[in-house]
Amino acid sequence: MTEFEIIYRYFKAQDTEGASIEHTAIIKDLGDDAAVVAINAPSQWVTCVDTLVQGRHFSEDWQQVSELAFAIGYKAVAVNISDIAAMGARPHSILLALALPERLANEPWLAEFAKGLFHACKQFGVRLIGGDTTRNDKLVISITANGILPVAIQPVYRSGAKVGDKVYVSGTIGDASYALNHPETEVGKQLAHRLHMPTPRSILGQKLASTGLATAMMDVSDGLVQDLGHLCQQSQVAMSLQLDQLPTSKPLQHVELAERLRCQLTGGDDYELVFTLPASVQLSQDLLSSVSTPVTCIGEVIELEEEEEEEQSVGTTNFGPSAIKLTYQGTAVTEQAPYPFDGFPNLHGYQHFSS
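Worth saying up front: this structure is predicted, and the values here are computed from it rather than measured.

> Before we go on, may I ask you to explain the packing of helix 3 (residues 69–86) against helix 4 (residues 107–124) in this structure?
The relative placement of two packed helices is expressed as an angle between their axes plus a distance between the axes. Helix 4 packs onto helix 3 with a crossing angle of 35° between their chain directions and a minimal axis gap of 6 Å. Between helix 3 and helix 4 lies a crossing whose hand is right-handed. Residues Ala69, Phe70, Ile72, Gly73, Tyr74, Val77, Ala78 and Ile81 of helix 3 form the contact with helix 4, whose participating residues are Trp109, Glu112, Phe113, Lys115, Gly116, Leu117, His119, Ala120, Cys121, Gln123 and Phe124. The residue makeup of the contact of helix 3 with helix 4, split by class, is 13 nonpolar, four polar and two charged.

> Could you clarify how one ought to interpret the environment of cysteine 297 in this entry?
Locating cysteine 297 in the fold gives a position in strand 11 (residues 295–302). Since its relative accessible area comes to 28%, cysteine 297 is described here as partly exposed. Considering only alpha carbons, one finds cysteine 297 and proline 247, 50 residues apart in sequence, at a separation of 9.0 Å.

> Honestly, helix 8 (residues 202–211) in this entry has me stumped. Any pointers?
Every buried residue belonging to helix 8 is among Ser202, Leu204, Gly205, Gln206, Leu208 and Ala209, and all of these are buried. Of the residues flanking the end of helix 8, it is glycine 212, one or two places downstream, whose phi is positive at about 70°.

> Looking at this structure, I do not really get the pairing of strand 7 (residues 166–170). What am I missing?
Successive residues of a regular strand alternate their side chains across the two faces of the sheet. With four of five residues buried, strand 7 lies mostly within the body of the structure. Pairing of strand 7 with strand 10 (residues 273–277) involves four bridges; the strand directions are antiparallel. Note on strand 10: the bridge partner recorded for lysine 166 is leucine 277. In this sheet, strand 11 lies alongside strand 7 in antiparallel orientation, the contact comprising five bridges. Its bridge partner being in strand 11, lysine 166 is matched across the sheet by glutamate 300.

Basis of the calculations
Residues numbered from 1 in each chain as written. Predicted model: local features only at pLDDT ≥ 70, side-chain atom pairs only at ≥ 80, totals over all residues. Heavy atoms only, no water. Axes fitted to C-alpha atoms, helices over the stretch in contact; angles between N-to-C directions. Helix = DSSP H or I, 4+ residues; strand = E, 2+ residues; numbered from the N terminus. Left-handed = near helix turned anticlockwise from the far one by under 90°. Contact = heavy atoms within 4.5 Å. Nonpolar A, V, L, I, M, F, W, Y, C, P; charged D, E, K, R; others polar. Buried < 20%, exposed > 50% of the residue type's maximum accessible area, 1.4 Å probe, protein only. Pairing = 2+ DSSP bridges.

Below, the structure written as structure tokens:
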């Protein structure tokens, strides 16, 4: 198949039900050199890009890539919608860049991939408005996602956390990491959907932005501690996390405590939202009922210690994880007293450039 046959056969036709966005109009999507979007009211355009590489972000094994075509298409969209959610914006549209190996340029794989991609588009209310395809030895998927924020609503950045704020996370965490590392176990099989079909918390992000309640927010993609470290670095704060408060799914509760906590602290791919609220703020029951996911307080924002401020001043990459203090049942978890771990865990999450 040629590039344009692939585009028109699998990506041009899409169900646009639920994908119209207030204050915008998609004037031109696929078929020209660029998409054209009219913004009809004062709005902010929020955009992000994420790239998934075979052997890095999903399996190198061709059999698994073939079997998971639907999930790969879905997840490629979902992880970007999660970034839009973390800013508090409403998803609007995506662009797809697809580097396709010859062995996948066939009707069964492309049809399933496109079905998964458009399933996510419909679920999250976005349109595919453009992109590019090319040939490559490995499968590479890069998606740019766009979102809309009314000009009166402030995006929620990572830099607004204040000492005394409480730290919250949506849903449950650690599920995807356990499924990735233990795919043959019964628990791993039960949690596989959390790895392959994550649910970005779009409505929650929009609610937190529109109410102005959240002081800082981001999604959990590379591991809770590592991602919170980025938030600490941007906000110039530290955090204390209560390990016994981490929200845990029923299947993961059957996993040995130390292993479960490692998954929750350092495993990525959860795509839950972590955010901070002033201690005086309580989320209303109406808001919680409208977002279809539980929200759990897991700690609080504390002051940086002097040595951490020095690390931050020179831009040390270790600053983030070192700013996260752990407690378990009210007792500090340290290198000298690491319980419930046998030894103090490596708190670094997913490293995109490690060997």
